[in-house]
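Residues per chain, in single letters:
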Amino acid sequence: MNNPQAIDVLIIGAGPSGSALAIDLVRRGLDVRIVDRSPHAFDGSRAKGIQPRSLEVLEDLGALDDVLAGGDIYPKLGLHAGPLSVPWKMFPHKEATPDVPYPNTWLIPQFRTNRALHARLGELGHEVEFGKELTELTQDEDTVLAKVVGANGAEEIVARYAVGADGGSSAVRKQLDIGFVGTTDESDRVLIVDASVSGLARNRWHMWPGLGGKLIAACPLPDSDMFQWMIRLTPEEKPPQEIGAIIDRIHSHTRNRHIQLHEIHWKSVFRPNIRLAKQYGRGRVFLVGDAAHVHTPAGAQGLNTGMQDGYNLGWKLGQVLAGADPTLLATYEAERQPIAAGVLGLSTEKWGGIAKLDPSSMKRGKDEQQLSLTYYGGPLAPAPADGDGGDTGTLRVGDRAPDARLFGADGAETRLFNLFQGPHFTAVAYGPGAARDLELLDWPTTGAQLKRLTIGPAAGDGRAFSDSENTLRSAYGLTGDTLLLVRPDGYLGHVATRDFLTTTQAAVRAMTPQTKSRTMPQPGHTHPGPGTAE
């Protein structure tokens, strides 16, 4: 084999976590490859709920329109007890607000989410390399060497960094010899079947509970004649394989012989793994998604947590490759591992409640929506000393930065999220004092750039906006001059209510290159000034 030239990042695994990461890295101008051992894209429904926070992530990555077109809001539950069917609102339907544009969990089969992400990656000039399996992974101080095998034989790929997004049985995690702590209950198995169905109303997510945790559920998949069936098997039961045996199993439990399955599109036996990786990486290799944590399906948390892993890691890889201190990459595990641990507890509790027919376990609310997740108290959002600020009336450093409705100098309305969209940081100066110091803020010319926004009387430079409806003031809890630094992943990197320039500059140093790096291509248009995105 020849000595290949090093790329920036190799991603192993092309599910939602790896694909979202690939999109984020490519739009930063990085040299990326994404490989997957499967011969083609995953074609099952599996994880089918996209939470509000993930919808915001998908919007930033440019894949939201396809996801919205391929899904729908969740229907009510239909709880069957004999001949009766009781409607049950599992998800409270909410109207969009200026600060939360996507308030409802979105129902979409995983294969369509994958398709939307892969299409977006294609728009950026990259394709998933299917049919390439990792066989060996080694690294030194400067690079990672991956050996993969595909239809055309073996290949060596050299990368500055590598990311394992290859699922719960991750080959990358095993190569790194990282422990995967937790449990797998071999006696608790669920047969999941995607099937074309007749004889069953599509306006309900049907559930037929039974004693001892027995359960059959059927969720309609949007824009199709398919339902996703979940058939909880008894400990000694052999999963039915053929369509006739599956129909018989459904009929014997539901007592409804009008239900007919006409074609099985995908099926799998699920066991509730509840596991968390001891480390989220080693050296120049990192883990995201199911390679780092696996959950029960209750609450639709796994896919969402995985995509947000990649969203957290992507900008940090870009910054370090541009010359930022490599210790920035250590904040990936420090920020994301506690999130996964909390999510594991939530989904495990919900799963156990379903087995006990606890109605509260079927309810979904703000905990599942992931809008309130925070990095407060972590290495990039330390709790400030008393009197040092770091918060507003409603938000602390490390919290999600809400959306808001703003107006430009010409009176045109825009969303704050539209201004956030892209691989840059955003600084928002509220009030004249903060605006003056924002103009003086020094920003590196390499790595992710800075978009500077001022909120006040509209000026004609395209960077000043008015908050005439007070949507930003309300969502951010602003009571006076405030300078906000928003990270590329939409979380507050700094909040200054005084000493704007000094405190913000200190926060900037922890997240940006401070020394010269190799030449990095910068995505987007020509910037009007040093260190600015607009």
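Attention in this report is confined to the structure presented alongside it. Numbering of residues starts from 1 in every chain and runs along the sequence as written. A pLDDT threshold of at least 70 governs which residues receive local features in this predicted model, and a stricter bar of 80 or more applies before side-chain atom pairs are shown or counted, although totals over entire chains, interfaces and linings include all residues. As a rule here, side-chain values come from all non-hydrogen atoms in the structure, and water together with hydrogens is ignored.

## A look at the sheet that holds strand β7 (residues 106–107)
1) Next: Strands sit in the order β3-β7-β4 across an open sheet of 3 strands; the sheet is antiparallel. With one partner strand each, in any of the chains shown, β3 (49–50) and β4 (72–73) form the two edges of the open sheet.
2) Next: Strand pairing follows a simple DSSP-based rule, namely that at least 2 bridges must link the two strands. Helix numbering and strand numbering both begin at the N terminus, where a helix is a DSSP run of H or I of at least 4 residues and a strand a DSSP run of E of at least 2. The pairing of β4 with β7 spans 2 bridges and is antiparallel. Bridge assignment links Asp72 to a residue of β7, and that residue is Leu107.

## Some details on the packing of helix α1 (residues 16–26) against helix α4 (residues 110–123)
1) Next: Relative orientation of the contacting elements α1 and α4 amounts to 20 degrees, with a least axis distance of 9 Å. By the angle between their axes, α1 is roughly parallel relative to α4. Considering the relative orientation of α1 and α4, their crossing is left-handed. Between α1 and α4, the contacting residues are Pro16, Ser19, Ala20, Ala22, Ile23 and Val26 on the first element and Gln110, Asn114, Leu117, His118, Arg120 and Leu121 on the second.
2) Next: Looking at the contact of α1 with α4, its residues break down into 7 nonpolar, 4 polar and 1 charged. Fitting a line to C-alpha atoms yields each axis, with helices limited to the stretch in contact; the angle taken between N-to-C directions then spans 0 to 180 degrees. Orientation labels follow simple angle bins: below 35 degrees gives roughly parallel, above 145 gives roughly antiparallel, 65 to 115 gives roughly perpendicular, and whatever is left gives oblique. Here is the rule for handedness: rotate from the far helix to the near one, and if that takes an anticlockwise turn smaller than a right angle the crossing is left-handed, while a clockwise turn gives right-handed. A contact between two residues is defined here by any heavy atoms of the two lying within 4.5 Å. Ten residue types, Ala, Val, Leu, Ile, Met, Phe, Trp, Tyr, Cys and Pro, are classed as nonpolar, four, Asp, Glu, Lys and Arg, as charged, and the remainder, Gly among them, as polar.

## Description of the nonpolar core
1) Next: Core analysis: the biggest nonpolar cluster contains 87 residues, and Leu10, Ile11, Leu58, Leu313 and Leu317 have the highest contact counts within it.
2) Next: If one sorts the elements of this core by residue count, helix α7 (residues 302–321) sits on top with 8 residues.
3) Next: Excluding its chain neighbours within four sequence positions, the residues that come into contact with Leu58 are Ile50, Ala63, Leu64, Val67, Leu117 and Met307.
4) Next: The criterion is simple. A nonpolar core is a set of buried Ala, Val, Leu, Ile, Met, Phe, Trp, Tyr and Cys residues joined through side-chain atoms within 4.5 Å. Partly exposed residues are those whose accessible area sits between 20% and 50% of the maximum for their type, while under 20% is buried and over 50% is exposed, using a 1.4 Å probe and protein chains only. Counting 23 residues, the second-largest nonpolar core is a separate cluster that includes Ala381, Ala401, Leu453 and Ile455.

## Regarding the pattern of salt bridges
Once the charged atoms of two side chains with opposite charge are near each other, the side chains can pair.
1) Next: Criterion for a salt bridge: a side-chain nitrogen of Lys or Arg within 4 Å of a carboxyl oxygen of Asp or Glu. The final tally for this structure, using the stated rule, is 24 salt bridges.
2) Next: Here Arg28 and Asp24 are joined by a salt bridge, their closest N and O atoms 3.2 Å apart. The same class applies to Arg28 as to Asp24, namely buried.
3) Next: A salt bridge links Glu413 to Arg405; its shortest N-O distance comes to 4.0 Å.
4) Next: Salt bridges sharing common partners tie together Asp24, Arg27, Arg28 and Asp60.

## Observations regarding the sheet that holds strand β12 (residues 180–184)
Two pairing modes exist for strands in a sheet, parallel and antiparallel, and in both the strands are linked by backbone hydrogen bonds.
1) Next: Spatially, 3 strands are ordered β12-β18-β21 in an open sheet, and the strand pairing comes out antiparallel. A single partner strand is all that each edge strand has here, and the edge strands are β12 and β21 (293–294).
2) Next: Where β12 lies against strand β18 (residues 273–277), 5 bridges are found, and the strand directions are antiparallel. Paired with Thr183 across the strands is Ile274, a residue of β18.

## So, unusual backbone geometry
1) Next: Residue Arg46 is not a glycine yet carries a positive backbone phi of 25 degrees.
2) Next: For Asp499, which is not glycine, the phi dihedral falls at a positive 45 degrees.
3) Next: Of note, Asp499 is situated in the loop between β28 (492–496) and α13 (500–509).

## Observations regarding the environment of Phe42
1) Next: Within the fold, Phe42 resides in the loop between β2 (32–36) and β3.
2) Next: Taking the relative accessible area as the measure of exposure, Phe42 reaches 23% and is therefore partly exposed.
3) Next: Considered as a pair, Phe42 and Phe111 are 69 residues apart in the sequence and their alpha carbons are 5.9 Å apart.
4) Next: Not counting the four nearest positions on each side in its chain, Phe42 is found in contact with Gln110, Phe111, Asn114 and Trp266.

## Quick notes on empty space enclosed by the protein
To find the voids left in a structure, one rolls a probe of water-molecule size over its atoms.
1) Next: We place a 1 Å grid over just the protein atoms. Points where a 1.4 Å probe fits but has no way out form a cavity, open points with protein on both sides within 12 Å along at least 5 of 7 lines form a pocket, and any residue with an atom within 4 Å of a point lines it. Grid points are joined across faces, edges and corners, and a volume is the space filled by probe spheres set on the points. In this structure the tally under the stated criterion is 3 cavities of 30 Å³ or more.
2) Next: If you add up the space inside the largest cavity, you get close to 190 Å³.
3) Next: Taken together, 18 residues form the lining of the largest cavity, with Asp60, Tyr311, Phe417, Phe420 and Gly490 sitting closest to its centre.
4) Next: Contributions of two or more residues to the lining of the largest cavity are made by α2 (52–61) and α10 (416–420).
5) Next: Among the elements that line the lining of the largest cavity, the one with the most residues is α2, at 5 residues.
6) Next: By residue class, the composition of the lining of the largest cavity is 7 nonpolar, 5 polar and 6 charged.

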